[in-house]
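What the coordinates show
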Amino acid sequence: MKNLASVLAAALLAVPAAVQAQAWPAKSIRYIVPFAPGGTTDILGRMVSSGLAASLGQPVVVENKPGQAGSVGAAECARAAPDGYTLCGGTISSHAINATLYDKLPYDPLKDFTPITLLASLPNMLIVHPSLNAGSVKELVALLKANPNRYSFGSAGNGTSQHISGELFKIMTGTQMQHIPYKGSGPMIPDLLAGTIQLSFENITTAYPQVRAGKLKALAVTSSKRSFVAPEVPTMSEAGLAGYDISSWQAMFAPAGVPRDIVARVYAETVKALRAPDNQKKLADLGLDAGGIRPEELTALIREEIPRLGKVVKESGAKVD
């Protein structure tokens, strides 16, 4: 009887934990997008949030928290309770470049997050305003060398892949131009269209629609291979900058310490959303390569990217403007 009582007591103690695990999610989930509306991070965040809401049966509310190349939103995500009710987008900026660019980052990209999966990867595209007398990378370099610091390039913020793409371009070409950081691609694109700034190394997702519309000119993509969405646009290497290669990536995270069963559920449902036929078409139309790697593979990617991109930051002398 004594053994039976012990077994029953242990079973009763286990009930609350089991009920709690089965009950998740019992309320709405917050998804932090660490950039302004309209950019690639926002587009992807809303796409996967919609898919998660449908599969989990609870609202997934998107909150835009822009600032410091994703650092403001990432820091808020890192501080949230590890209960599965806060998720966030993270990028090559917030979880790799910023580790070197900022002296005092308010979070550790590896220790303060639970990685979920890579959402997508994509090249940036060197785009220029039509008024700029440059129809190729070679012509742009000549123009910049003849007019040091006369022209400016815009980015989605200090430390973004757009920013570092521009800094690498300056290193490899020996040119000088002003960097104008914004709080996301959404507010940057209108200024580029208006000619307030003259060029950008923008995500292909938001850059190429403007090129197709004839509002901007595309000179090159920043990846080592041409993009399937714009096969007519050469790579930087093909345009004369051998070895130039920076591709942006987008991922999903949760605060450190989220229970493994919740992580596994979020991962599975996110991959399902990414692989849904309608979303696959949307991703392809945007020039994005769909993600879906396992959490541990995302961790390995970040461990590789921090020193690789940190070297570019140091060599370029990039500063927080």
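Right above here is the structure, for reference.
Keep in mind it's a predicted model, so treat the numbers as computed, not measured. Positions within a chain are numbered from 1, following the residues in the order the chain's sequence is written. Residue-level local features of this predicted model are given only where pLDDT is at least 70; pairs of side-chain atoms are given and counted only at 80 or more, and the full residue set underlies all totals for whole chains, interfaces and linings. Just so you know, side-chain values use all the structure's heavy atoms and leave hydrogens and water out.

1. A few points about helix 6 (residues 161–173)
- A run of H or I in DSSP counts as a helix once it spans at least four residues, and a run of E counts as a strand once it spans at least two, with each numbered from the N terminus. The span one expects for a helix is its residue count, reduced by one, times 1.5 Å. The first and last C-alpha atoms of helix 6 sit 18 Å apart over 13 residues, in line with the 18 Å expected at 1.5 Å per residue.
- Buried, partly exposed and exposed residues are distinguished by accessible area as a fraction of the type maximum, computed with a 1.4 Å probe on protein chains only: under 20%, between the cut-offs, and over 50%, respectively. Burial analysis of helix 6 places eleven of its 13 residues in the buried class, the great majority of the element.
- Buried within helix 6 are the following residues: Ser-161, Gln-162, His-163, Ile-164, Ser-165, Gly-166, Glu-167, Leu-168, Phe-169, Lys-170 and Thr-173.
- Just downstream of helix 6 lies Gly-174, where phi reads positive at about 70°.

2. A look at the pattern of salt bridges
- The term salt bridge refers to a pairing of a side-chain nitrogen on Lys or Arg with a carboxyl oxygen on Asp or Glu at a separation within 4 Å. Overall, the coordinates contain eleven salt bridges when judged by the stated rule.
- Between Arg-265 and Glu-269 there is a salt bridge, with the nearest N and O atoms lying 3.6 Å from each other. With Arg-265 and Glu-269 both in helix 9 (residues 260–275) and four residues apart, this pair spans about one turn of that helix.
- The residue Glu-305 makes a salt bridge to Arg-308 at a minimum N-O spacing of 2.8 Å. A residue pair is termed a helical-turn pair when its members lie 3 or 4 positions apart in one helix, as Glu-305 and Arg-308 do in helix 11 (residues 295–316) at three residues.
- Glu-305 gets classed as buried once you look at its relative accessible area, which sits at 7%.
- The class for Arg-308 is partly exposed, based on a relative accessible area of 38%.
- Residues joined by salt bridges that share partners form a network here, namely Arg-30, Glu-63 and Glu-76.

Function cannot be read off these values alone, since they describe shape.
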